[in-house]
Amino acid sequence: MRELREVYFVDGVRTAFGRAGSSGIFWRTRADDMAVKLVRELLRRNESLPPDRIDDVVFAATAQVGDQGLTLGRDVGLLAGLPHTVPGFAVDRMCAGALTAITSGAGEIAMGAADVVLAGGVEHMGRHPMLEDVEYNPRFAAERLIDPAAATMGQTAENLHDRFPQLTKDDADAYAVRSHHRLGEAWQNGVMRETVVSMAVHTDDGWRDADRDEFLRPDTSVEAIRELPTPFRPGGRVTAGNSAGLTDGATVSLLASERAAEEHALEPRLRLLAYAFAGVEPELMGLGPVPATKKALAQAGLTIDQIDAIELNEPFAVQVLSWCDGMGVSPDDERVNPYGGAIACGHPLAATGVRLVAQLGHAMRERPSARYGLTTLCVGMGMGAALLWERP
């Protein structure tokens, strides 16, 4: 019987995350060009790896149209100058796109079909707003297959507050402020410089470097966001202050087998231990990481108390609070998002997953005693994703 091979995360990079729309830094930049920049940088950082030894390129996008359409992995590989012999493909699992790109590439490596895979995601939400050109099947509404609220992410966040009244707006605002403070510290102490790639972009004011997350407000206070409007319902609890902004950005990671890592002098940061995807009620989309995390932990025979570092996406603060509540983890736990998260830097949908893994790799390295790590996020239409990692 064939034995599965180990899969290692070697490196991961991202662009700065820009504000979506005409005022954002990437407004005049193509989505695929953002991804191309990262592939070239990843190869520069890992120069011992010959480009022709890359076996596949997997890229995710939620809106697979326009400049992030085609078969994105192949498109980006060719534009980045990889040999024509290197194939590529695209995947879509909305917010879990990049994590699904990783698990897709990991499957190839585990089965022996590949030794080296590039996996990432890109989302230009300015060029391709969420739900633009999306046509829901009328049966969803006519047959009441899903609650209409499932189509609006902010509504699903309000639904979490309804379902779990102990998760208050005050708690959500406090968590959001902490995210900004932590990411501000991470930029100040150099953590972000390890993964964020500066990119020259053309703007209305000429050429400039996109080298810092545009949504970051390290001086944010609870008082500053407490009275912001609640756009998803009158008197609601979800605001722009306790949510991630609409964002443009790209990410890419380098995955390798143990044999390839040794042959090309690559230094693995993480070993993929287990992963799981799960479904929940679509109108309670933010609950998805809870069952996904539990499934992944069960696969690995671990408990949440054994996890030393956790990177949890932050589309809404209440979603983080609901995961913490469901897993018995305090939102103040130092294991959770030590460098801040999407509330502070933004959430370019399909790109976010690699950001989580790259930050986890840094957190594991900074804590020599850490052995196990978790990356997890919720997914539109009621899903969750969770990947467990181990220090090599």
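Note that the coordinates shown come from a computational prediction; the quantities given were computed from them, not determined experimentally. (Residues numbered from 1 in each chain as written. Predicted model: local features only at pLDDT ≥ 70, side-chain atom pairs only at ≥ 80, totals over all residues. Heavy atoms only, no water.)

Chemist: Please set out a nonpolar patch on the surface residue by residue, giving values where relevant.
Modeler: Among the surface-exposed residues, Met130, Leu131, Val134, Tyr136 and Leu246 lie close enough to one another that they form a single nonpolar patch of about 440 Å² accessible area. Mapping Val134 onto the fold places it in the loop between strand S5 (116–124) and helix H4 (139–142). (Patch = residues over 30% accessible without salt bridge, like charges linked within 9 Å, V, L, I, M, F, W, Y side chains within 5 Å. Areas by Shrake-Rupley, 256 points an atom, 1.4 Å probe, with all protein chains shown as cover. Salt bridge = Lys/Arg side-chain N within 4 Å of Asp/Glu carboxyl O. Helix = DSSP H or I, 4+ residues; strand = E, 2+ residues; numbered from the N terminus.)

Chemist: I'd like to hear about the packing of helix H9 (residues 289–300) against helix H10 (residues 317–327), residue by residue, with values.
Modeler: It is at 9 Å that the axes of H9 and H10 come closest, and there the two elements cross at 45°. In terms of their interaxial angle, H9 and H10 are classed as oblique. Helix-helix and strand crossings are classified by hand; for H9 and H10 the assignment is right-handed. Every residue of H10 that contacts H9 at Pro289, Val290, Thr293, Lys294 and Leu297 is listed here: Gln319, Ser322, Trp323, Gly326 and Met327. (Axes fitted to C-alpha atoms, helices over the stretch in contact; angles between N-to-C directions. Parallel < 35°, antiparallel > 145°, perpendicular 65-115°, else oblique. Left-handed = near helix turned anticlockwise from the far one by under 90°. Contact = heavy atoms within 4.5 Å.)

Chemist: Lay out the pairing of strand S3 (residues 56–60) with the relevant residues and their values.
Modeler: Of all five residues making up S3, five are buried, and the element is well covered by its neighbours. Side chains Asp56, Val58 and Ala60 of S3 all project onto a buried face; the interleaved residues Val57 and Phe59 project onto the opposite face, where all are buried too. Here S3 runs beside S5; their pairing, made up of five bridges, is parallel. Residue pairing in the sheet places Val58 in a bridge with Ala119 of S5. (Buried < 20%, exposed > 50% of the residue type's maximum accessible area, 1.4 Å probe, protein only. Pairing = 2+ DSSP bridges.)

Chemist: Lay out the packing of aromatic side chains in plain terms, naming residues and giving numbers.
Modeler: A complete count under the given rule lists three aromatic pairs for this structure. Judged by centre distance (6.2 Å) and plane angle (70°), the rings of Phe9 and Trp389 are edge-to-face. Here Trp389 lies in strand S13 (residues 383–390) and Phe9 lies in strand S1 (residues 7–15), a separation of 380 residues in the sequence. Residue Phe9 is classed as buried on the basis of its relative accessible area, which comes to 0%. Taking the centre distance of 6.1 Å and the plane angle of 70° together, the rings of Tyr275 and Phe277 count as edge-to-face. Classification of Tyr275 as partly exposed rests on a relative accessible area of 34%. (Phe/Tyr/Trp six-rings, centres within 6.5 Å; stacked < 30°, edge-to-face > 60°.)

Chemist: Go over the environment of Gly126 with me, naming the residues and quoting the values.
Modeler: With respect to the helices, strands and loops of the structure, Gly126 is situated in the loop between S5 and H4. It is 4.2 Å that separates the C-alpha atoms of Gly126 and Ala20, two residues lying 106 residues apart in sequence. When near neighbours in sequence (up to four residues on either side) are disregarded, Gly126 contacts Ala20, Gly21, Trp27 and Asp248.

Chemist: Can you explain the packing of helix H5 (residues 153–163) against H10? Please cite residues and give values.
Modeler: Packed helix pairs are characterised by how far apart their axes lie and by the angle those axes make with each other. One can describe the packing of H5 onto H10 by two numbers: an axis separation of 9 Å at closest approach and a directional angle of 45°. The orientation of H5 relative to H10 falls into the category oblique. Pair H5 / H10 crosses with left-handed handedness. Where H5 approaches H10, its residues Ala157, Leu160 and His161 are matched on the opposing element by Val318, Gln319 and Ser322. Its residues assigned to classes, the contact of H5 with H10 comprises three nonpolar, three polar and no charged. (Nonpolar A, V, L, I, M, F, W, Y, C, P; charged D, E, K, R; others polar.)

Chemist: Break down the nonpolar core for me, citing the residues and quoting the values.
Modeler: Ile102, Leu183, Met192 and Trp389 are the most contacted members of the largest nonpolar core, which has 47 residues in total. Leaving out residues up to four positions away in the same chain, Ile102 has contacts with Ala119, Ser253, Leu255, Val354, Val357, Leu387 and Trp389. (Core = buried A, V, L, I, M, F, W, Y, C linked by side-chain atoms within 4.5 Å.)

Chemist: An account of the side chain of His128 is needed here, citing residue identities and associated values.
Modeler: For His128, the location among the structural elements is in the loop between S5 and H4. Within the structure, the side chain of His128 is placed 2.5 Å from the side chain of Asp67, a separation counted as a polar contact. Not counting residues within four places of it along the chain, the set of residues in contact with His128 comprises Ala63, Val65, Gly66, Asp67 and Gln68. (Polar contact = N/O pair within 3.5 Å; in protein donor to acceptor, adjacent residues only side chain to side chain.)

Function cannot be inferred from these measures alone, as they are strictly geometric.
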